[in-house]
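# Chains, contacts and geometry: an overview
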Amino acid sequence: MEKEIEYDRVEYATNREIENDEGEKTGYVKMFSYDNEMYFYEIECPYCQNVFEGEQELDSRPWWIECPDCTRSINVYRLKDKEEKKVKNRGPDGVDDADVDVT
């Protein structure tokens, strides 16, 4: 990304790999915004490996940015939406010999 970034003004930033339809990490996105309205980005398309950069106003997520080469839309999703929810191990289900007094 050739744009000179003023890091102390950045409100949003991401630098991560992105997947193609088969789930392979074959591209990346580098993106930042000063005001959470206008976003600047550099993307390697996970479908055709074209590297392009640009800027555009983006509303609420999910954000979709189209590759100018293959015209496929690339989803820049929220990371917390992608993470699998982890369930705490609370022990075996249905413990038969629990020491519980119910009256």
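Our subject in this report is the structure included herewith. Residue numbers run consecutively from 1 along every chain, following the written order of its sequence. Only residues with pLDDT of at least 70 get local features here, since the model is predicted, and only at 80 or more are side-chain atom pairs given and counted; chain-wide, interface and lining totals rely on the full set of residues. Excluded from the side-chain calculation are hydrogens and water; included are all heavy atoms of the structure.

## Brief notes about the environment of N50
Helical segments are the DSSP runs of H or I of at least four residues, strand segments are the runs of E of at least two, and each set is numbered from the N terminus. Relative to the elements of secondary structure, N50 occurs in the loop between β3 (38–44) and β4 (51–57). When its relative accessible area of 18% is taken as the criterion, N50 is described as buried. Residues N50 and C70, spaced 20 residues apart in sequence, show a C-alpha to C-alpha distance of 8.3 Å. In contact with N50, not counting residues within four places along its chain, are I43, E44, C45, C67, P68 and D69. The classification of residues rests on relative accessible area computed with a 1.4 Å probe and restricted to protein chains. Under 20% of the type maximum is buried, over 50% is exposed, and intermediate values are partly exposed. The criterion used for residue contact is that any of the two residues' heavy atoms lie within 4.5 Å.

## A look at the pattern of salt bridges
We count a salt bridge whenever a side-chain nitrogen from Lys or Arg sits within 4 Å of a carboxyl oxygen from Asp or Glu. Summed over the entire model, instances satisfying the criterion amount to two salt bridges. The salt bridge partner of R9 is E6, with a shortest N-O separation of 3.3 Å. For the salt bridge of D21 with R72, the shortest nitrogen-to-oxygen distance reads 2.6 Å. Of this pair, D21 sits in the loop between β1 (12–19) and β2 (25–33) while R72 is found in the loop between β5 (63–66) and β6 (73–76), placing the two residues 51 residues apart along the sequence. Judged by its relative accessible area of 54%, D21 falls in the exposed class. With a relative accessible area of 34%, R72 lands in the partly exposed category.

## Describing the side chain of E42
Relative to the assigned elements, E42 resides in strand β3. Buried charge without a salt bridge: E42, with K30 as the nearest opposite-charge side chain at an N-O distance of 4.1 Å. Identification of polar contacts relies on pairs of N or O atoms within 3.5 Å, with a donor-acceptor requirement for protein atoms, meaning one able to donate a hydrogen and the other able to accept it, and with residues adjacent in sequence counted only if both atoms are side-chain atoms. Side chain to side chain, E42 and Y28 meet in a polar contact 2.6 Å long. A positive count includes Lys and Arg, and a negative count includes Asp and Glu. His and the chain ends are not counted in either.

## Notes on the sheet that holds β1
Pairing between strands is defined by DSSP: at least two bridges between the two strands are required. Here we have four strands laid out as an open sheet, ordered β1-β2-β3-β4, and antiparallel in their pairing. In this open sheet, the two edge strands, each paired with only one partner strand, are β1 and β4. Each neighbouring strand pair of the sheet contributes to a mean axis angle of 15°, computed without reference to strand direction. Note on geometry: axes are lines fitted to C-alpha atoms, helical ones only across the stretch in contact, with angles between N-to-C directions running from 0 to 180 degrees.

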